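Remarks on the overall topology
Each chain is listed here by its residues.
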Amino acid sequence: MKYGLNMLLWTSDVNESHFGLLEKIKGWGYDGVELPVFEADKKKFAQVGKKLSELGLESTAVTVCTPEENPISGDAKIREAGLDRLKRMIDMCAAAGSTHLCGPIHSALGEFSGAGRTAEEWKYGKETLSKAADYAQEHKVMLVCEYLNRFECYFLNTAEDCSQFTREVNHPYLKMMYDSFHANIEEKSITSAVKTCADQMVHVHISENDRSTPGEGGVNWDETFSALKEVNYDGWLTIEAFGLALPDLAAATRIWRKMFPSEEHLATKGLEFMKSRWEG
C-alpha cells in the first residue's frame, strides 16, 4: 500500500516554490504526492520530478477536461481537441515521472446536456479514450477514469458505470479509480460498489464527505476499508481534500467555509487515520 497526498490542498501549480513543502510531506511520512496537471510546461514538470526523485517521493497526477476539449462531444473537432489535451497531459506526467493520470478524463467537468448520457456519447468516449490509452502506453502512464457525482458530471456517476466503460474499452493502460466522496453521494452500498469495480480499480481517493480531514466527517470508513481489504486492493490511498487556499478551486468545489484547522492538520491527521485503518 502507498499513501499519497493531492497537492490541490495547497496549489494547482506545483513548482520550485513548493519544494520546501514537498520536503515536509516526505517528513510527515507520505510515499508520494498527486500533482495537478492542468497546463503544459514540460520544463517545470521535469524540475518537479527531479525534486521528487531526490526526496524519494513518487507521484501520480490529476487533470480534467474542458467543454472546449471534450472527449464525448458530438463535434469531431472538440473530441480531437480533447484527445490532444490528454496527450499533452500525458507528456507532463512523463516529464515528472508520474505513473498515473487520474481524474474525470472521460468528459468535460461541469458540462451538462440536460439529460443522461447517450449511446453516441458512450461510443465517442470509448473511441477517444482508446486512442489516449495507446499514447499513454507509449509513455508508460496509466490513465485512470474517475466517476463523479451527478452534480459535477452526467457521463459516469457510479462504480458500475465507470467499470463497464473501462472494461468495454479493454485497454491495459485505461483503468478506473474509486473516490469515497463521490461514492458517499451516489452508491447505495459501498461494499457492492468496491466489488463491482475491483477488477478495474487501480487508484483510490480518500476524501471526506465535506472534503475535509479524513476520519473527521461522515463517510462510512469502516465499510470502506473493509471492502477494499476484501477485494485485496493494493495501490495508492491518496487524500484528496479542498479548502479555501485557492479561491477559484474553492468556488469550483463549493467550499464556502473553513473546513479544517490547517493544511498541516489535515495532512498529518489524515495520514495517521489512513495508516491506522489499513495497518491496524
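Structure report, in brief. (Residues numbered from 1 in each chain as written. Predicted model: local features only at pLDDT ≥ 70, side-chain atom pairs only at ≥ 80, totals over all residues. Heavy atoms only, no water.)

The next point concerns helix α7 (residues 190-197). Within α7, burial applies to I190, A193, V194 and C197. End-on, the buried residues of α7 take up no more than an arc of 95 degrees, which puts them together on one face. The elements touched by buried residues of α7 are α5 (159-169), β6 (174-179), β7 (201-206) and α8 (221-230). (Buried < 20%, exposed > 50% of the residue type's maximum accessible area, 1.4 Å probe, protein only. Helix = DSSP H or I, 4+ residues; strand = E, 2+ residues; numbered from the N terminus. Arc of directions from axis to C-beta. Contact = heavy atoms within 4.5 Å.)

In this section: the packing of aromatic side chains. Tallied over the entire structure, the rule returns 9 aromatic pairs. A ring pair is formed by F155 and F165, whose centres lie 5.7 Å apart and whose planes are at 80 degrees; its orientation type is edge-to-face. Of this pair, F155 sits in the loop between β5 (142-146) and α5 while F165 sits in helix α5; the two residues are 10 residues apart in sequence, bridging distant segments of the chain. We note that F155, like F165, is buried. Each residue in the set W221, F225, F273 and W278 is aromatic and connected to the rest through ring pairs, giving one cluster. Lying across the ring of Y124, R79 places its NZ or CZ 3.6 Å from the centre. The ring of W278 carries K229 above its face, with NZ or CZ at 5.5 Å from the centroid. (Phe/Tyr/Trp six-rings, centres within 6.5 Å; stacked < 30°, edge-to-face > 60°. Lys NZ or Arg CZ within 6 Å of the ring centre and 35° of its normal.)

Counting residues in each nonpolar core, the largest one holds 83 residues, and the members touching the most others are L143 and L237. Element by element, the count of residues in this core is highest for helix α3 (residues 76-96), at 7 residues. Excluding anything up to four places from it in sequence, L237 contacts M1, K2, Y3, G4, V204, I206, F225, L228, M274 and W278. (Core = buried A, V, L, I, M, F, W, Y, C linked by side-chain atoms within 4.5 Å.)

A word on helix α4 (residues 119-138). The terminal C-alpha atoms of α4 lie 29 Å apart, and with 20 residues this matches the ideal 28 Å at 1.5 Å per residue to within 8%. By the burial criterion, the buried members of α4 are E121, W122, Y124, G125, T128, L129, A132, A133, Y135 and A136. Buried residues along α4 cover an arc of 165 degrees about the axis, so they all sit on one side. Exposed and facing more than 90 degrees away from the buried side of α4 are A119 and E138. In this structure, the buried residues of α4 make contact with α3, β5, α5 and β6. Following α4 by one or two positions, K140 adopts a phi angle in the positive range, close to 60 degrees. (Expected span 1.5 Å × (residues − 1).)

The full count for this structure, using the stated rule, is 15 salt bridges. K123 is the partner of E127 in a salt bridge, and the nearest nitrogen-oxygen pair spans 3.5 Å. Of this pair, E127 and K123 both sit in helix α4, 4 residues apart, roughly one helical turn. Measuring nitrogen to oxygen at the nearest pair gives 3.0 Å for the salt bridge that ties E230 to K195. Taken together, the positions of E230 in helix α8 and K195 in helix α7 put the pair 35 residues apart, joining distant regions of the chain. Shared partners join several salt bridges into a network, and the residues in it are E69, R85 and R88. (Salt bridge = Lys/Arg side-chain N within 4 Å of Asp/Glu carboxyl O.)

Our focus in this paragraph is the side chain of N6. Along the chain, N6 falls in strand β1 (residues 2-6). Judged by its relative accessible area of 1%, N6 falls in the buried class. Separated by 2.8 Å, the side chain of N6 and the backbone nitrogen of L8 make a polar contact. A distance of 3.1 Å separates the side chain of N6 from the side chain of E34, its partner in a polar contact. Sequence-distant contacts of N6, that is, excluding residues within four places in its chain, are made with E34, V62, H205, T238, I239 and E240. (Polar contact = N/O pair within 3.5 Å; in protein donor to acceptor, adjacent residues only side chain to side chain.)

What follows is about the pairing of strand β4 (residues 100-103). By the alternation rule, side chains of β4 split into H100 and C102 and L101 and G103, which are all buried. Relative to β4, strand β3 (residues 58-62) runs parallel, the two sharing 2 bridges. Paired with V62 across the two strands is C102, which belongs to β4. Of the pairings in the sheet, the one linking β4 to β5 comprises 4 bridges and is parallel in character. For L101, the partnering residue across the bridge sits in β5 and is L143. (Pairing = 2+ DSSP bridges.)

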